[in-house]
Amino acid sequence: MQKNIETYDFAGKKAIVRVDFNVPLNEKFEITDDTRMRAAVPTMKKVLEKGGALILMSHLGRPKKVDPQFSLKHILPHLEELLGVKVQFAEDCQKADEQAAALKAGEVLVLENLRYYAEEEGKPRGLKEDATDEEKKAAKAAVKESQKAFVKKLASYADCYINDAFGTAHRAHASTALIAKYFPEDKMFGYIMEGEIKAIDHVLKTPQHPVTAIIGGSKISSKIGIIEHLFDAVDNMIIGGGMVYTFKKAMGGKIGRSICEDDQMELALATLKKAEEKGVKLYLSNEVVVADAFSNDANTKVVSNMEIEDEWEGVDAAESTLKTWEEVIMSSKTILWNGPVGVFEIPAFAKGTKAVARMLAAATEKGAFTLVGGGDSVAAVTQMGFADKVSYVSTGGGAMLEYLEGIELPGIAAIKE
Ligand code: AMP
C-alpha cells in the first residue's frame with residue numbers, strides 16, 4: 001500500500017530514493033542548471049530530518065556502458081552544498097552492500113549512474129547491426145532476466161522506496177517502477193512527484209472554469225494525443241506554433257514555406273470537427289509573423305495565416321493574434337501551457353512565446369491556476385523571471401505529456417498499486 005512521505009516514520013530506516021539528477025554539465029563537468037537537484041531537496045531533507053538515511057539513485061545522460069563522462073561523481077560537491085552534509089559514493093550501484101549496511105541515520109549515499117547497466121532500462125545493448133529478429137528477441141529476454149537480480153540488489157539496500165523522479169515516471173525502468181514491488185508496505189512519492197500529480201490532476205479533474213489550454217510546438221503528430229484528451233477538460237484551446245500551418249493548409253490556406261505535416265492534414269480537419277462536437281472553442285493564430293529566412297536578421301512582415309506567399313514562412317504569432325489570446329487567457333480561471341508559439345530559439349521570433357509567458361504571470365496574479373510544462377515553455381517563463389509567478393512549473397517533459405494524454409505512467413502506477 002502506498003504510504004505518505006509526510007507521515008511515514010523514517011527513524012532508523014534507510015530510504016532508497018529515485019531522484020532525477022540528470023543535470024546538464026559543461027566541458028569542465030560543472031553543473032550549468034541545478035533546477036532538478038534543488039527540486040529534490042525537500043524530499044531528501046524530510047528523510048534526514050525524520051531520522052532516516054538516504055540512498056540516492058539516478059541516471060545522468062545516456063551512457064551505454066561505464067563512462068566517466070557520465071559519472072554522478074560530478075554532482076557530489078553540489079549535492080553536499082545543497083544538503084549541508086558529507087555525501088558518500090558507491091562506484092558501482094550493484095556493489096554497494098557494505099556501504100548501504102553501514103549507513104547511519106542522517107547519512108547519505110549516492111549510487112553511481114544506473115544507466116551504466118543495461119538492466120536499468122531493460123534494453124539489450126551491443127546488438128550487431130545485422131542481428132536477426134530471433135537474436136534481438138533472445139537478447140531482450142536475457143536482459144529482462146538479468147534485470148530481476150539488478151532490481152533485487154538495489155532493493156536489498158533499503159527499508160523503503162521513494163520515487164521523486166517525475167521526469168522518468170513514464171518509463172518502466174528498474175529504479176522508476178520495478179523496484180516498488182519489493183516495498184509493498186513501504187513505498188511512496190516524494191514531494192516533486194506529489195506536486196506534479198496534484199497540479200496536473202487539478203487541471204484535468206477539478207479545475208475552476210473557464211479552463212484554457214495553450215498548446216504550441218512544431219508538430220501535430222506529437223501533440224494530437226494531448227489535444228484530444230484535453231478536449232474533455234477544457235473550454236478553450238489555443239493552438240500556436242508550427243503545427244498551426246498544417247491546420248491552415250488543411251483548411252485551404254496558402255502557407256508558403258511554413259512547416260507542415262502533409263500526412264496529418266486529415267487528422268487536423270478531424271480535430272477541428274471534434275473540438276466543435278465537444279464544445280471547445282479553438283483559437284488558431286489568424287495573423288502571423290512571417291520571415292524570408294530562418295535567421296535572426298531575416299526580413300519579416302505580418303500577414304494572414306491563410307495567405308502566406310511562396311518564399312515566406314510563419315515563425316511567430318502576430319500582435320493581433322496575441323491580443324485575442326490575451327483576452328481568452330485573462331478571463332480564464334485555469335490555464336495549462338505546453339509548447340512555444342513561435343520559433344523561440346531565434347530571439348527575433350520569440351516575442352509571441354515571451355508574451356504568452358507574461359500573460360500567464362498576469363493571469364496568475366489575477367487568481368488563475370496556471371500550469372506550465374515542456375522544455376521551451378518552461379525556458380520561456382524561467383528566462384523571463386516568471387517561474388515563481390505561475391502556479392506550477394512542471395519539470396517532467398515527456399512524462400507530463402503522457403500524463404496529460406491520459407496514459408497511466410508506470411512510475412506512478414507502481415507506487416499506487
Ligand atoms: P515541440 O518539441 O513539438 O514542443 O516543438 C518545439 C519546437 O517547435 C521549437 O523548437 C520551436 O522552434 C518549434 N516551432 C514553433 N513554432 C514554429 C514555427 N512556426 N515554425 C517552425 N518551428 C516552430
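The following refers to the structure shown. (Residues numbered from 1 in each chain as written. Predicted model: local features only at pLDDT ≥ 70, side-chain atom pairs only at ≥ 80, totals over all residues. Heavy atoms only, no water.)

We now examine the site of the ligand. Among the 16 residues in the neighbourhood of the ligand, the closest are listed as Lys223, Gly242, Gly314, Gly342 and Glu345. For the ligand, a nitrogen atom lies 3.1 Å from a polar atom in the backbone of glycine 242. Within the backbone of glycine 342, a nitrogen or oxygen atom sits 3.4 Å from a nitrogen atom of the ligand. Contact with the protein chains hides 79% of the accessible area of the ligand, taken as 500 Å² for the molecule alone. (Near = heavy atom within 4 Å. Polar contact = N/O pair within 3.5 Å; in protein donor to acceptor, adjacent residues only side chain to side chain. Areas by Shrake-Rupley, 256 points an atom, 1.4 Å probe, with all protein chains shown as cover.)

Further remarks concern the packing of helix 11 (residues 319-330) against helix 12 (residues 351-365). For the pair helix 11 and helix 12, interaxial distance at closest approach is 10 Å and the crossing angle is 20°. One element, helix 11, and the other, helix 12, form an angle in the roughly parallel class. In this structure, the crossing between helix 11 and helix 12 has a hand that is right-handed. Packed against helix 11, whose contacting residues are Leu322, Trp325, Glu326, Ile329 and Met330, the element helix 12 presents Gly352, Ala355, Val356, Met359, Ala362 and Ala363 at the interface. Tallied by class, the residues present in the contact of helix 11 with helix 12 amount to 9 nonpolar, 1 polar and 1 charged. (Axes fitted to C-alpha atoms, helices over the stretch in contact; angles between N-to-C directions. Helix = DSSP H or I, 4+ residues; strand = E, 2+ residues; numbered from the N terminus. Parallel < 35°, antiparallel > 145°, perpendicular 65-115°, else oblique. Left-handed = near helix turned anticlockwise from the far one by under 90°. Contact = heavy atoms within 4.5 Å. Nonpolar A, V, L, I, M, F, W, Y, C, P; charged D, E, K, R; others polar.)

Moving on, we get to empty space enclosed by the protein. Using the criterion set out here, one finds 1 cavity of 30 Å³ or more in the structure. Its volume calculated, the largest cavity comes out at about 70 Å³. Lining the largest cavity are Asp20, Arg36, Ala39, Asp164, Ala165, Phe166, Gly167, Ile192, Thr395 and Gly396. Split by residue class, the lining of the largest cavity holds 4 nonpolar, 3 polar and 3 charged. (1 Å grid on protein atoms, 1.4 Å probe; cavity = no way out; pocket = protein on both sides within 12 Å on 5 of 7 lines; lining within 4 Å. Points joined across faces, edges and corners; volume = space filled by probe spheres on them.)

Considered as a void within the structure, the largest pocket measures approximately 1100 Å³ in volume. What lines the largest pocket is a set of 38 residues, among which Asp20, Arg36, Thr395, Gly396 and Gly397 lie closest to the centre. If you list the elements that add at least two residues to the lining of the largest pocket, you get helix 1 (35-39), helix 7 (191-205), helix 13 (375-383), strand 18 (392-393) and helix 14 (397-404). Residues belonging to the lining of the largest pocket are distributed by class as follows: 11 nonpolar, 16 polar and 11 charged. Roughly 290 Å³ of volume is contained in the second largest pocket. Residue lining of the second largest pocket: 22 residues in total, with Ser218, Gly241, Gly242, Gly342 and Val343 positioned closest to the centre. Counting residues per element, the lining of the second largest pocket draws most heavily on strand 15 (residues 313-317), at 5 residues. A class-by-class count of the residues in the lining of the second largest pocket yields 9 nonpolar, 9 polar and 4 charged.

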